[in-house]
Amino acid sequence: MEKPAVAGGVPVRNTKLYYGHQYVDKADVKAVEEVLTSDYLTCGPKVVELEKRLCELTGAKYAVAVSNGTAALHIAAMAAGVGEGDELITTPITFAASANCALYCGGTPVFADIDPNTYNIDPECVRGKITERTRAVVAVDFTGQAARLDELLDVCRDKGIILIEDGAHSFGTKYKGKPVGSIADMTTFSFHPVKTVTGGEGGAVLTNRRDLYEKLLLYRSHGITKDEAFYESESHGPWYHEQIDLGYNYRLTDIQCALILSQIDKLDQFAGRRREIVARYDNAFSQIPQLSVQQEIPESDTTRHLYILRIRPEMLTIDRRFFFEAMAAENICCNVHYIPVYWHPYYQKLGYKKGICPNAEKLYEEMMSLPIYYSLTDQDVDDVIAAVRKIVEYYRK
């Protein structure tokens, strides 16, 4: 007979606690209101201001604000030259967009396995996946921890391919003291509501290379330019512009830019609170033999987007699904990040098979994401810890 989902019969809390949530204050609302009563709702000064702020924050020379993190990955893959028949290497433990960006370009995603301790892509596995058709590597900073960027850059430089750092999780993270955003050939960010700072939606691509920057600008806005240096015909007048490539409408509004700029003002406090929560979780869970916590590389000063708890089912009488449901019964709503990309039906229909990245697949079967966001109170964190301990104690072998 199956044991009850609520260990001991009484939940640790009466109200639900979710795995992620945005924080918006009066300053954020005021910033948006000011744009709503201004002359520009889109294609205005706040876009330029955000791009300048991102460069100042990261040390990157150029930034291109776009509509979301997926758009950022798409135009980054395009700028890297991924096209029909080309390959792009990435991790399977990520949101599908990290691989889909290759498909958007007519290319083929290739999956490299993860380090079983850090959960980030393994540089040596990347090296082994490179072929003459490889054009780019998308290295995801999973949970916010920077990937092994030095090793990945060495691999890419050796083979003459582009390194795209998917920094959707790592806004505010530093690698060897240098902010994420200025290290890889291109770095993409996301400003989705569960990220460290949000614009509701939004994204950006950062680079130090002028040639990539010029391509990114074109791809963001229909492939159209008003820069006379790129005209192929004589200008007809001040209104003149030319479409010189096939691009997309990936523009970001001034409304969203204003919110992101206001949120960036709070980045230090957002990041600090997330680090406090991670420290409390790590301290509690690292002392429980039935659990494992994600290891950090010393090079990464991490602003954590996700907190991954890994259970050891061989030491419990339940599996991850039952643990997940037991947490829900305790009014702690968790999530799982991520189903290996190539397990999705769409990828299975493309011919991908299970078993190609065993470390990633084992991690998926044992992990779940616990609540972590700025407005979690100390009591909330204590409740999460208490619920995990309660379930482990009840179901341990």
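It should be noted that the structure appears before, not after, this text.
This report concerns the structure included in the present document. (Residues numbered from 1 in each chain as written. Predicted model: local features only at pLDDT ≥ 70, side-chain atom pairs only at ≥ 80, totals over all residues. Heavy atoms only, no water.)

**Digging into the pairing of strand 4 (residues 134-140)**
In plain terms, the rule: Burial here depends on accessible area, computed with a 1.4 Å probe over protein chains only, as a share of the maximum for the residue type. Under 20% is buried, over 50% is exposed, and the range in between is partly exposed. Note on conventions: DSSP H or I runs of at least 4 residues are helices, E runs of at least 2 residues are strands, and numbering of each starts at the N terminus. Should DSSP find at least two bridges between two strands, the strands are regarded as paired. Note on handedness: a crossover is taken as right-handed if, strands pointing away from the viewer, the path from the first strand over the helix to the second is clockwise.
Judged by how many residues are buried, strand 4 sits mostly within the fold: six of seven residues are covered. The pairing of strand 2 (residues 87-90) with strand 4 spans four bridges and is parallel. Of the residues in strand 4, the one forming a bridge with leucine 88 is alanine 136. As paired elements, strand 4 and strand 5 (residues 162-166) share five bridges and run parallel to each other. Across the sheet, valine 137 pairs through a bridge with leucine 163, a residue of strand 5. With respect to chirality, the unit in which strand 4 leads through helix 6 (residues 149-159) into the neighbouring parallel strand 5 is right-handed.

**Points about the environment of cysteine 257**
Stated precisely, the cut-off is as follows: Note on contacts: a residue pair qualifies if any of its non-hydrogen atoms lie within 4.5 Å across the two residues.
Examined against the element boundaries, cysteine 257 turns out to sit in helix 8 (residues 254-264). Take cysteine 257: its relative accessible area is 0%, and that puts it in the buried class. A C-alpha to C-alpha distance of 25 Å links cysteine 257 and alanine 96, two positions 161 residues apart in sequence. Excluding its chain neighbours within four sequence positions, the residues that come into contact with cysteine 257 are Lys46, Val47, Leu50 and Leu252.

**Comments concerning the packing of helix 1 (residues 26-36) against helix 8**
Selection rule: Structural elements are reduced to axes, namely lines fitted to C-alpha atoms, with helices fitted over the stretch in contact, and the angle between N-to-C directions of any two is expressed from 0 to 180 degrees. Small angles under 35 degrees read as roughly parallel and large ones over 145 as roughly antiparallel, with 65 to 115 read as roughly perpendicular and the rest as oblique. In a left-handed crossing the near helix is turned counterclockwise from the far helix by less than a right angle, and in a right-handed crossing that turn is clockwise. Residues are sorted three ways: Asp, Glu, Lys and Arg are charged, Ala, Val, Leu, Ile, Met, Phe, Trp, Tyr, Cys and Pro are nonpolar, and all the rest, Gly among them, are polar.
In the contact formed by helix 1 and helix 8, the axes pass within 8 Å of each other and the chain directions differ by 150°. Taken together, the axis directions place helix 1 and helix 8 in an arrangement best described as roughly antiparallel. Our pair here, helix 1 against helix 8, has a crossing hand that is right-handed. Where helix 1 abuts helix 8, its residues Ala27, Asp28, Ala31, Val32, Val35 and Leu36 lie against Asp254, Ile255, Ala258, Leu259, Ser262 and Gln263. A breakdown of the residues in the contact of helix 1 with helix 8 according to their chemical character gives eight nonpolar, two polar and two charged.

**What about the side chain of threonine 118?**
As for its placement among the helices and strands, threonine 118 is situated in the loop between strand 3 (108-111) and helix 5 (123-129). Excluding anything up to four places from it in sequence, threonine 118 contacts Gln145, Arg148, Gln294, Gln295 and Ile297.

**A look at the pairing of strand 8 (residues 186-190)**
Remember that side chains alternate between the two faces of the sheet whenever the strand is regular. Summarising burial for strand 8: five of the five residues are buried, a large majority. Where burial is concerned, the two faces of strand 8 agree: the one with Met186, Thr188 and Ser190 and the one with Thr187 and Phe189 are both buried. By the bridge criterion, three bridges tie strand 5 to strand 8 in an arrangement that is parallel. Within strand 8, the position partnered with glutamate 165 by the bridge is threonine 187.

**Observations regarding the sheet that holds strand 14 (residues 307-311)**
Across the sheet, which stays open at both edges, the three strands sit in the order 12-14-15 with antiparallel pairing between neighbours. A single partner strand is all that each edge strand has here, and the edge strands are strand 12 (291-293) and strand 15 (367-370). Ignoring which end each strand starts from, the neighbouring axes of this sheet average 35° apart. Here strand 14 runs beside strand 15; their pairing, made up of four bridges, is antiparallel. Paired with tyrosine 307 across the strands is leucine 370, a residue of strand 15. Running at roughly 10° to strand 14, helix 9 (residues 267-285) makes contact with strand 12, strand 14 and strand 15 of the sheet. Each of strand 12, strand 14 and strand 15 touches helix 10 (residues 320-329); the most contacted strand, strand 15, lies at about 20° to it.

**Examining the nonpolar core**
Note the threshold: The set of buried Ala, Val, Leu, Ile, Met, Phe, Trp, Tyr and Cys residues whose side-chain atoms join them within 4.5 Å is what this entry labels a nonpolar core.
Residues Leu88, Phe111, Phe142, Ile164 and Met186 are the most contacted members of the largest nonpolar core, which totals 49 residues. If you list the elements that add at least two residues to this core, you get strand 1 (62-66), helix 3 (69-79), helix 4 (97-104), strand 4, strand 5, helix 7 (210-220) and helix 12 (358-366). With eight residues, the single largest contributor to this core is helix 3. Among all residues touching leucine 88, those that are not within four sequence positions of it are Ala77, Val82, Ser98, Cys101, Ala102, Thr108, Pro109, Val110, Ala136 and Val138.

**Notes on unusual backbone geometry**
Of note, the bond from histidine 337 into tyrosine 338 is cis; its omega dihedral lies within 30 degrees of zero at 5°. Non-glycine residue cysteine 43 carries a positive phi angle of around 55°. If you check the backbone angles, histidine 222 has positive phi at about 70° while not being a glycine. By secondary structure assignment, the location of histidine 222 is in the loop between helix 7 and strand 10 (224-225). On the basis of relative accessible area, histidine 222 is assigned to the partly exposed category, the value being 32%.

**Observations regarding the pattern of salt bridges**
Inclusion rule: Salt-bridge detection follows one rule: a side-chain nitrogen of Lys or Arg within 4 Å of a carboxyl oxygen of Asp or Glu.
In this structure the tally under the stated criterion is 28 salt bridges. Across the pair aspartate 28 and lysine 266 runs a salt bridge, and its minimum N-O distance is 2.7 Å. One end of the pair, aspartate 28, is in helix 1; the other, lysine 266, is in the loop between helix 8 and helix 9, and 238 residues separate them in sequence. Taken as a pair, aspartate 28 and lysine 266 share a single burial class, namely buried. Among the salt bridges present, the one from arginine 210 reaches glutamate 214, with a minimum N-O distance of 3.1 Å. You can see arginine 210 and its partner glutamate 214 sitting in helix 7, four residues apart, about one turn around the helix. A cluster of three or more residues bridged by salt bridges with shared partners is formed by Arg273, Glu276, Arg280, Asp378 and Asp382.

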